[in-house]
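Secondary and tertiary structure notes
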Amino acid sequence: MEYALQTINLCKTIKEEKIIINCDMHIRKGEIYTLIGPNGAGKTTIIKLITNLWKPTDGAIQIFKQPLSYNTQLALQRMGVIVDKPIFYEELSGENNLKIHCEYMNYDNQRSIENVLDLFQLSGVAQKPVKNYSLGMRQRLGVARAVLTKPELLILDEPNSNLDSTETKYLWDLLQMLREELGVTIMITSRTASGIEDIADCVGIINRGKVITEVSMKEFREKSVSYIDVKLGKRQCVEPLLKDVLNHIDHVNSGG
Ligand SMILES: Nc1ncnc2c1ncn2[C@@H]1O[C@H](COP(=O)(O)OP(=O)(O)OP(=O)(O)O)[C@@H](O)[C@H]1O
């Protein structure tokens, strides 16, 4: 199996608190993978580890079969990322923010800037300072910046937050187009299952720093999920906390 991204036994401890615990994640080349988990589950932390903002306490990350540590710069150049909420130079225009990103990534392509502004329906406000943008516009600019350099692996932390249902549908269509036409592999995070059914090929479920299971979207819809709670030492059904996340699952999976 060819993975665009794989984490092996990934762990992160901060001040003796285990934030990420033995996380094994497998994202196939060309798929759209959604990591679903409630508040504080560890989604953003995993993205920070994958994008080298934080170092793992233990375990490994492979990007297109190469350890992230082997040639980190090259691996990062192959990625487009939103970590947490996108941060911009507020006084600068949307277009200038994209230009600065191009310079930082050593990617000289004015045409690409115009394309993404157009694609994300920001051409009309491209010269306005970002401080005047609505939350939805900021979110779209964040995704536009992430796809600007034509990454092979797109990692988007809750990309539909602050978008209404029409904007979300538009974004999902764009992501699907990127996957289908350019073969981009996409990982997105979400706090809930609702809204991702239309886009995900595969779902990873994370809770309390542990990836409980990875299933295809089809399985996610059809099967229930249970997991072994290491602390309790027994099989648990999905927690009440995850109920809304897993609202497609209605009975306990006896296997595994
Ligand atoms: N810098 C930090 N120092 C200590 N603990 C942290 C730090 N950053 C995050 N955490 C803790 O790590 C855990 C996971 O946080 P993380 O932000 O990764 O969760 P999340 O799934 O992205 O949540 P959300 O959906 O709210 O963004 C939380 O318990 C959080 O309090």
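Analysis parameters
Residues numbered from 1 in each chain as written. Predicted model: local features only at pLDDT ≥ 70, side-chain atom pairs only at ≥ 80, totals over all residues. Heavy atoms only, no water. Helix = DSSP H or I, 4+ residues; strand = E, 2+ residues; numbered from the N terminus. Expected span 1.5 Å × (residues − 1). Buried < 20%, exposed > 50% of the residue type's maximum accessible area, 1.4 Å probe, protein only. Contact = heavy atoms within 4.5 Å. Pairing = 2+ DSSP bridges. Axes fitted to C-alpha atoms, helices over the stretch in contact; angles between N-to-C directions. Polar contact = N/O pair within 3.5 Å; in protein donor to acceptor, adjacent residues only side chain to side chain.

In this section: helix H5 (residues 135-147). Across its 13 residues, H5 extends 19 Å between first and last C-alpha, which sits within 8% of the 18 Å expected from 1.5 Å per residue. Within H5, the full set of buried residues consists of Gly136, Met137, Arg138, Gln139, Arg140, Leu141, Gly142, Val143, Ala144, Arg145, Ala146 and Val147. The secondary structure elements touched by the buried residues of H5 are strand E6 (79-82), helix H3 (94-104), helix H4 (110-119), strand E7 (153-156) and helix H6 (165-182).

On to the sheet that holds strand E4 (residues 58-63). Strand order in the open sheet made by the 4 strands is E2-E1-E4-E5, with antiparallel pairing throughout. Each edge of the open sheet carries a strand with a single partner, namely strand E2 (17-28) and strand E5 (66-67). The pairing of E4 with E5 spans 2 bridges and is classified as antiparallel. Directly across from isoleucine 63, in E5, lies its bridge partner glutamine 66. Taken strand by strand, helix H1 (residues 43-50) contacts strand E1 (3-14), E2 and E4, and its axis lies near 70° from that of E2.

So, about H6. In this model, H6 (18 residues) spans 25 Å end to end at C-alpha, consistent with the 26 Å of a helix rising 1.5 Å per residue. Along H6, the positions that sit buried rather than exposed are Thr168, Leu171, Trp172, Leu174, Leu175, Gln176, Leu178 and Arg179. Those residues of H6 hidden inside the fold are in contact with strand E3 (32-36), H4, H5, E7 and strand E8 (185-190). For H6, the N-terminal cap is aspartate 164; the gap from its side-chain oxygen to the backbone nitrogen of threonine 166 is 3.1 Å. Looking one or two places after H6, you find glycine 183, whose phi comes out positive at around 70°.

Note that all results are geometric; they support no functional claim without further evidence.
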